[in-house]
Amino acid sequence: MSSNFAVHYIEHLVPLTRLQLPVQTKLTCENDALKSTHALLEGSLSEATVQESINLLRAFVTQEGKPTGLRPDSEDLAFYNAVVRKTIFNLYALAVDLYLQESSAAQFDAEWWADIERSTWSVAWYLLQTLPSRLRRVLQLIQSNMPLRLSSFQPSSIARLYSDAAPLRFNAFTVAFFPYLRDQTSPLPSVSCFTAVKNIRLGSLGLVEKIRGAVIYSIQRVISLLHFPIHLAREECHLRRKELEKIRDERAEVLGKLLELRPLLTNALEADYNVSISGASTQNRALVVFLSNFALVTSGDASQDVALPLIEQLVDAFKDHRMSHDAYLEAHDLRRPSQLTLLWPRIFLLPPLTLYCAKYVYASRATLAEVAHDVLNTVHNFFKGWLFDPVMDVIATIRAGGEDGVIVRREAVAADFDSLERMTLALAREKLSYNATQLSTLSQQIRQGDLTPVLKIYEEDIKTPMKSVISGTLLRSMFIQIQKAKVDIDQALTGIDRLLKSQELTFAFVGVAPALAVTYVFVGFLAGLLSIRPARYGGKSGKTSVWLSMRRIERLLLFQPKSSLHRHRNSETVQPDGIPALTTGLLVLSLAHLREYGLTSLPARSRLREGFLEDIEDLEGPELSRSEKLRIVDRMWKSWGKELGWYDLAGGRANR
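Criteria and thresholds
- The numbers attached to residues start from 1 for each chain and follow its sequence in the written order.
- Predicted model: local features are reported for residues with pLDDT of at least 70 only, side-chain atom pairs are reported and counted for 80 or more only, and whole-chain, interface and lining totals are derived from all residues.
- To get the side-chain values, take all heavy atoms of the structure and skip hydrogens and water.
- The helix and strand labels rest on DSSP assignments: H or I over at least four residues marks a helix, E over at least two residues marks a strand, and numbering proceeds from the N terminus.
- Here's how the labels work: a residue is buried when its accessible area is under 20% of the maximum for its type, exposed when over 50%, partly exposed in between, all with a 1.4 Å probe on protein chains only.
- Where accessible areas are quoted, they stem from the Shrake-Rupley method and a 1.4 Å probe; at the residue level, only the protein chains shown are allowed to cover.
- The residues that make up patches have over 30% relative accessible area and no salt bridge, and they are joined within 9 Å when like-charged or within 5 Å when they are Val, Leu, Ile, Met, Phe, Trp or Tyr.
- Any Lys or Arg side-chain nitrogen located within 4 Å of an Asp or Glu carboxyl oxygen qualifies as a salt bridge.
- His is not counted, nor are the chain ends, whereas Lys and Arg count as positive and Asp and Glu as negative.
- By convention, the point assigned to a charge is CZ for Arg, NZ for Lys, CD for Glu and CG for Asp.
- Aromatic pairing here means that ring centres of Phe, Tyr or Trp (its six-membered ring) are within 6.5 Å. Orientation follows from the plane angle: under 30 degrees is stacked, over 60 is edge-to-face, and everything else is tilted.
- Each residue after the first adds 1.5 Å to the expected span of a helix.
- Note that bend, as reported per residue, equals the angle between axes fitted to the 7 residues terminating at that residue and the 7 residues originating from it.
- It is the directions from the helix axis to the C-beta atoms that the arc portrays.
- Throughout, an axis means a line fitted to C-alpha atoms (over the contacting stretch in the case of helices), and angles, computed between N-to-C directions, take values from 0 to 180 degrees.
- Here the angle decides the label: under 35 degrees means roughly parallel, over 145 means roughly antiparallel, 65 to 115 means roughly perpendicular, and every other value means oblique.
- Throughout, a crossing is termed right-handed when the near helix is turned clockwise from the far one, and left-handed when it is turned anticlockwise from it by less than a right angle.
- Throughout, a residue-residue contact means that at least one pair of heavy atoms, one from each residue, lies within 4.5 Å.
- Nonpolar residues are Ala, Val, Leu, Ile, Met, Phe, Trp, Tyr, Cys and Pro. Charged residues are Asp, Glu, Lys and Arg, and all others, Gly as well, are polar.
- As used in this record, nonpolar core signifies buried Ala, Val, Leu, Ile, Met, Phe, Trp, Tyr and Cys residues forming a set joined through side-chain atoms within 4.5 Å.
- pLDDT is defined as a per-residue confidence score from the predictor, taking values between 0 and 100.
- Under this definition, polar contacts are N or O atom pairs within 3.5 Å; protein pairs additionally need one hydrogen-donor-capable and one acceptor-capable atom, and for neighbouring residues in sequence, both atoms have to be side-chain atoms.

### Here's the deal with the overall build of the chain
Okay, step 1: Looking only at helices and strands, the chain has 26 helices and zero strands in total.
Okay, step 2: Looking at the chain as a whole, 37% of its 656 residues are labelled buried.
Okay, step 3: For the chain, the accessible surface area stands at approximately 39,300 Å², while carbon and sulfur atoms represent 59% of it.

Structure (structure tokens):
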């Protein structure tokens, strides 16, 4: 990530480092070393190539520091100047890369320690992971010539850890387990809270209260004793995180000052590129001024006033800085534990757990086989009874078209209606002596549901019910009305049947919808487990990291952190709307992460990726003020917040 940023940040200066020859001059350089070194510098960016170019440049320098053996307006001088410019350019890129890499690593490790510190379970697991190294230090302490007494292992010696007397003192074994306590001259506030013991006055209490108080006191002491190592481990993570954040800020401030030197480097390369044909670049005053400021920022010493010694001083300063940085991290044990340290509990527990699981599976093979059989039957019944058969019913419903009745048949309704018509016409013919025309009219009335003639006969019959029952037509008219009621019921059921038939396809889909939903969710989950394609836009973890970077950028621009580097020097003057070097360096850390995310996680050759990278490039520009960069951040939230899910991660879809 850091190398990509360094190359991107100064890539527009590459043309100023190229070879410049006099007009209408052929490449006739007689010095093969200059040509090969120039080609080597063009091809790679490393400290070894810079050192090789310095060794070559030293061969052309006299004791007075001036180049010798180079004629003005010659091809050798052109190659020499190109090597000088390219060396300075590569040296600046390596410096940006070095400090960005160190600050990024410090921030990454600080976030790792913060994640451990945040959870009690993580702290306990970390304590278990690092237990072998802690025990090794204890064994080394025992093997050394330190005066240890047997009383150190007695409960009374351990109880001194919980004494409220000041100052708090830890014995040698505690310091061996937690080496950071060696540098603590005063008790930590949180540790003092744990070790403080409440004084209990038992003189004025009764026997029961004394026993109860002693039991509670003992339980509290045991709980404190169990929690004390975890709490010390948490304090260890906290102190390492704070120390790494301090290193990050120091490196970020130097990085910010280096980035502020880019305009000075641009002017120096332009000035040398325009006049390098007539003189040596090491004599160019603009390059010397840049190198002096470069050395002042990185090493704090700019006593040299000659280009080549300044370059050599910078290379030596980088080497010393890298060694001192690594030595400091090792001395204070600030790096994350090794992979073997983090994995040894799993490696140690994996064989016995595997053996136990294999033994349990073999002993329960009959039960497991029965469970597997039940699972297969359940899956089979689900797919057949709740998915396959309902889907086939839907297809059959669509194919049949809804012609058959659900409740009554069409033929049954027609038969009941014809029976009613025959009964009514027979009564009218016998009782009322209707002719053919009247019977035809009555038939039409019956089809419309009008049985007025039959009802009139019924009304006359009920006037003399006994007589009508014996000699009249009361029973026939009553049976006709019963048949009429049956026909009405059939017609009502026919209407209900038509309603059900019109919604039959809906009911069929409602029956199969739950099975389809369960199948869809299960297949999607299984496809997500088996899929090897990367998640969209880097997945939830990638989006979360970008959201945190955006929040950090906006917070840095709003509340600029105070610098703790070089407090003994005069504080740098910053314009009211300017950005200090520390804020610039911390911004670059987040912007480098955003650029890496845009290049790796966003779709290539898409408007989303191009616009996202353009906004990041605008934020990287040192010429913009703090208010202008805040407007760019607001534009990024409006443009990419919804697409990249930042509002969901922030806990709501608030409008900006």
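We are not done yet, so read on.
### Notes on unusual backbone geometry
Okay, step 1: Unlike most non-glycine residues, aspartate 333 shows phi in positive territory, near 55°.
Okay, step 2: Summarising the element assignment, aspartate 333 is placed in the loop between helix H13 (307-331) and helix H14 (339-363).

### Quick look at a negative patch on the surface
Okay, step 1: The grouping of Glu11, Glu610, Glu614 and Glu617 at the surface amounts to a negative patch.
Okay, step 2: For glutamate 11, the location among the structural elements is in the loop between helix H1 (2-9) and helix H2 (32-43).
Okay, step 3: When its relative accessible area of 46% is taken as the criterion, glutamate 11 is described as partly exposed.

### Notes on the packing of aromatic side chains
Okay, step 1: The tally for this structure, following the rule as stated, stands at 14 aromatic pairs.
Okay, step 2: Each ring, one from tryptophan 121 and one from tryptophan 125, has its centre 6.3 Å from the other, and the planes form 20°; the classification is stacked. One end of the pair is tryptophan 121 and the other is tryptophan 125, both in helix H5 (residues 120-129) and four residues apart, which spans about a single turn.
Okay, step 3: For tryptophan 121, a relative accessible area of 64% translates into the label exposed.

### Things to note about helix H21 (residues 504-530)
Okay, step 1: Over its 27 residues, H21 runs 39 Å from end to end, which matches the ideal 39 Å to within 8%, given 1.5 Å per residue.
Okay, step 2: In H21, a bend of some 35° at valine 512 exceeds every other bend along the element, and proline 514, a proline, comes one to four places later.
Okay, step 3: Every buried residue of H21 is accounted for by Ala508, Val512, Ala515 and Thr519.

### What about a nonpolar patch on the surface?
Okay, step 1: Together, Val469, Ile470, Leu475, Met478, Phe479 and Ile482 make up an exposed nonpolar region whose accessible area comes to about 600 Å².
Okay, step 2: When residues of the nonpolar patch are traced back to their parent elements, those giving at least two are helix H19 (465-471) and helix H20 (474-502).
Okay, step 3: If you trace the backbone, leucine 475 turns up in helix H20.

### Notes on helix H3 (residues 47-58)
Okay, step 1: Over its twelve residues, H3 runs 16 Å from end to end, which matches the ideal 16 Å to within 8%, given 1.5 Å per residue.
Okay, step 2: The set of residues buried in H3 consists of Thr49, Val50, Ser53, Ile54, Leu56 and Leu57. The arc enclosing the buried residues of H3, seen along the axis, measures out at 160°, which places them on a common side.

### Quick word on the packing of helix H16 (residues 410-432) against helix H18 (residues 452-461)
Okay, step 1: One way to put it is that H16 packs onto H18 with a least axis distance of 10 Å and a crossing angle of 55°. When the axis of H16 is compared with that of H18, the two are oblique. Crossing of H16 against H18: the hand is left-handed. Here Thr424, Leu427, Lys431 and Leu432 of H16 lie close against H18, whose contacting residues are Pro453, Val454 and Ile457.
Okay, step 2: Broken down by class, the residue content of the contact of H16 with H18 amounts to five nonpolar, one polar and one charged.

### Quick word on the pattern of salt bridges
Okay, step 1: The full count for this structure, using the stated rule, is 23 salt bridges.
Okay, step 2: The salt bridge partner of arginine 134 is glutamate 236, with a shortest N-O separation of 3.0 Å. Residue arginine 134 is found in helix H6 (residues 131-143), and its partner glutamate 236 is found in helix H10 (residues 207-260); the two are separated by 102 residues along the sequence. Glutamate 236 carries the same exposure label as arginine 134, and that label is buried.
Okay, step 3: Close ionic contact of lysine 384 with aspartate 389 constitutes a salt bridge, the shortest N to O distance being 3.5 Å.

### Some points on the environment of valine 50
Okay, step 1: Secondary-structure assignment places valine 50 in helix H3.
Okay, step 2: Taking the C-alpha atoms as reference points, valine 50 and threonine 87, separated by 37 residues in sequence, lie 5.9 Å from one another.
Okay, step 3: If we ignore the near neighbours within four places in the chain, the residues touching valine 50 are Thr87, Asn90, Leu91, Leu94 and Val315.

### As for the environment of serine 590
Okay, step 1: As for its placement among the helices and strands, serine 590 is situated in helix H23 (residues 581-601).
Okay, step 2: Spatially, the C-alpha atoms of serine 590 and serine 545 are 9.8 Å apart, while their sequence positions differ by 45 residues.
Okay, step 3: With residues near it in sequence (within four places) discarded, serine 590 still touches Ser549, Arg552 and Ile553.

### Some words on the nonpolar core
In a soluble, globular protein the nonpolar side chains are often hidden away together inside.
Okay, step 1: Counting 80 residues, the largest nonpolar core has Phe294 and Phe612 as its most contacted members.
Okay, step 2: If one sorts the elements of this core by residue count, helix H4 (residues 75-118) sits on top with 15 residues.
Okay, step 3: For phenylalanine 612, the contacting residues outside a window of four places in its chain are Val546, Leu594, Tyr597, Gly598, Leu602, Met636, Trp640, Leu644 and Trp646.
Okay, step 4: Listed in part, the 21 residues of the second largest apolar core include Trp113, Tyr126, Val175 and Leu232.

### Description of the confidence of the model for the chain
The predicted structure's coordinates, where accompanied by low pLDDT, should not be read in detail.
Okay, step 1: Scored by pLDDT, the chain has a mean of 78; 79% of the residues are at 70 or more.
Okay, step 2: Below a pLDDT of 50 lies the segment residues 161-168, which in the model reaches 21 contacts outside its immediate sequence neighbourhood of four places, other chains included.
Okay, step 3: This model gives residues 192-200 a pLDDT under 50, and the stretch forms 17 contacts once residues within four places in sequence are excluded.

### Concerning the side chain of serine 292
Okay, step 1: Tracing the chain through its elements places serine 292 in helix H12 (residues 285-298).
Okay, step 2: Those residues in contact with serine 292, other than ones at most four positions away along the chain, are Ala302, Gln304 and Leu310.

### Considerations on the packing of H10 against H13
Okay, step 1: Direction vectors running N to C along H10 and H13 enclose 165°, while the axes themselves pass 12 Å from each other. Classed by the angle they form, the pair H10 and H13 counts as roughly antiparallel. Between H10 and H13 lies a crossing of right-handed hand. Where H10 approaches H13, its residues Glu243, Leu244, Ile247 and Arg251 are matched on the opposing element by His321, His325, Tyr328 and Leu329.
Okay, step 2: Of the residues belonging to the contact of H10 with H13, the class tally is four nonpolar, two polar and two charged.

### Things to note about the side chain of threonine 424
Okay, step 1: With respect to the helices, strands and loops of the structure, threonine 424 is situated in helix H16.
Okay, step 2: We classify threonine 424 as buried; its relative accessible area is 0%.
Okay, step 3: From its side chain, threonine 424 meets the backbone oxygen of leucine 420 in a polar contact 2.8 Å long.
Okay, step 4: Beyond its immediate stretch of four places on either side in the chain, threonine 424 contacts Leu442, Ile446, Leu451, Val454 and Ile480.

### A word on the environment of alanine 412
Okay, step 1: As for its position among the elements, alanine 412 is in helix H16.
Okay, step 2: Judged by its relative accessible area of 40%, alanine 412 falls in the partly exposed class.

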